[in-house]
2 protein chains.
Amino acid sequence: MEDRGPVYLQIIHYIKQGIAAGIIGGNEEMPSRRALSALLGVNPNTIQKAYHILEEEGIIVSRSGAKSYTCVDSRTVERIRRELLSGETHFWVKAMKQLKVSREEAFALAAVIWEEASREISDCEFRH
Amino acid sequence: MEDRGPVYLQIIHYIKQGIAAGIIGGNEEMPSRRALSALLGVNPNTIQKAYHILEEEGIIVSRSGAKSYTCVDSRTVERIRRELLSGETHFWVKAMKQLKVSREEAFALAAVIWEEASREISDCEFRH
DNA sequence: CGGACTGTATTAAACTACTAATACACTTGG
DNA sequence: CCAAGTGTATTAGTAGTTTAATACAGTCCG
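Residues numbered from 1 in each chain as written. Chains lettered and ligands numbered in written order. Predicted model: local features only at pLDDT ≥ 70, side-chain atom pairs only at ≥ 80, totals over all residues.

Colleague: Give a description of the packing of helix H1 (residues 7-20) of chain B against helix H3 (residues 44-56) of chain B that names residues and reports values.
Modeller: Residues and elements named next belong to chain B. At a minimum axis separation of 9 Å, H1 and H3 run at an interaxial angle of 50 degrees. Put simply, H1 runs oblique to H3. Remark: the crossing between H1 and H3 carries right-handed chirality. Residues Val7, Tyr8, Ile11, Ile12 and Ile15 of H1 pack against Thr46, Ile47, Lys49, Ala50, Ile53 and Leu54 of H3. For the contact of H1 with H3, the per-class residue count stands at nine nonpolar, one polar and one charged. (Axes fitted to C-alpha atoms, helices over the stretch in contact; angles between N-to-C directions. Helix = DSSP H or I, 4+ residues; strand = E, 2+ residues; numbered from the N terminus. Parallel < 35°, antiparallel > 145°, perpendicular 65-115°, else oblique. Left-handed = near helix turned anticlockwise from the far one by under 90°. Contact = placed C-beta atoms within 7 Å. Nonpolar A, V, L, I, M, F, W, Y, C, P; charged D, E, K, R; others polar.)

Colleague: Which residues make up the relation of the copies chain A and chain B, and what are the values?
Modeller: Laying chain A over chain B is done by rotating through 180 degrees and shifting 0.1 Å along the axis; what remains is an RMSD of 0.2 Å. On this basis, the relationship between the two copies can be described by a two-fold rotation axis. Interface overlap between copies is the fraction of interface residues in one copy that are interface residues in the other; for chain A against chain B it reaches 100%, indicating a shared surface. (Least-squares fit on C-alpha atoms with pLDDT ≥ 70 in both.)

Colleague: So what's going on with the protein's contact with DNA strand D? Residues and values would help.
Modeller: Residues in close proximity to DNA strand D total 23 residues, the closest being Ser32(A), Pro6(B), Val7(B), Asn43(B) and Gly65(B). Elements that contribute at least two residues to the surface near DNA strand D include exactly helix H2 (33-40) and helix H3 (44-56) of chain A together with H1 and H3 of chain B. Within the surface near DNA strand D, the residues separate by chemical class into seven nonpolar, twelve polar and four charged. (Near = placed C-beta within 6 Å.)

So this is what it looks like as structure tokens:
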């Protein structure tokens, strides 16, 4: 529905999601700032901002001149996964309650949409 | 989790949500720009921007000098309700699928959080 | 009527997100 | 080694959001 805020936050969220889903490994080479910016069609500075925050959060490591790598053990992967999962679900429940939807109606709709989404081609990885 | 973007969009969303939930009636007096800005601690111009867009969408009517009123029939209320409900649920399902969560795990977690939220005091109306 | 409140409009300033164009030092692979 | 690619930093500019300080004309109620 919406674009969901600043691009650099979307990138951070996207990478965390990839790690939580196991698409991005815990000690894996990351695309360079320039390469990812070209791929996504945004400015290198925007990628740098996202990577910098990810480094502050201890999710990637960067050595000046060399490529950046993810830096998360399995415990951290599980922590990130639970954070995202819980966060998104809390947000949905809150929205449903604010709309004064009954538990039955909410879950029935979610079930319908879940099946609907299962019948769609859903492949949009950020590398091939 | 997040602040969810521009304030004027939050206000629009909040009012639509109130209408969809039946908290705000279909032909009801709206708080004045100045009153709502004071209540929310934001600039009157920000409220004006939100109200102006709501008027363009045919949700409220404003006559220069008089108070603004909501202007939605029951069919429109139902349309708005379905839009918000469907939009939020699509977003949640998409997030769950991107995290590669099984339907069972996702719905189980949602059930837990739903009950958890039911045990909390949840009253934050925008007027008393 | 007349004052209080209303919607509406204008202008200026500050702030953030994002783009753009560089520049520099470091690492790596051929 | 050395050229290509890398992370990092700087400066400038644009656009959108928000605040601020007004101003003015219309409506409403006592």
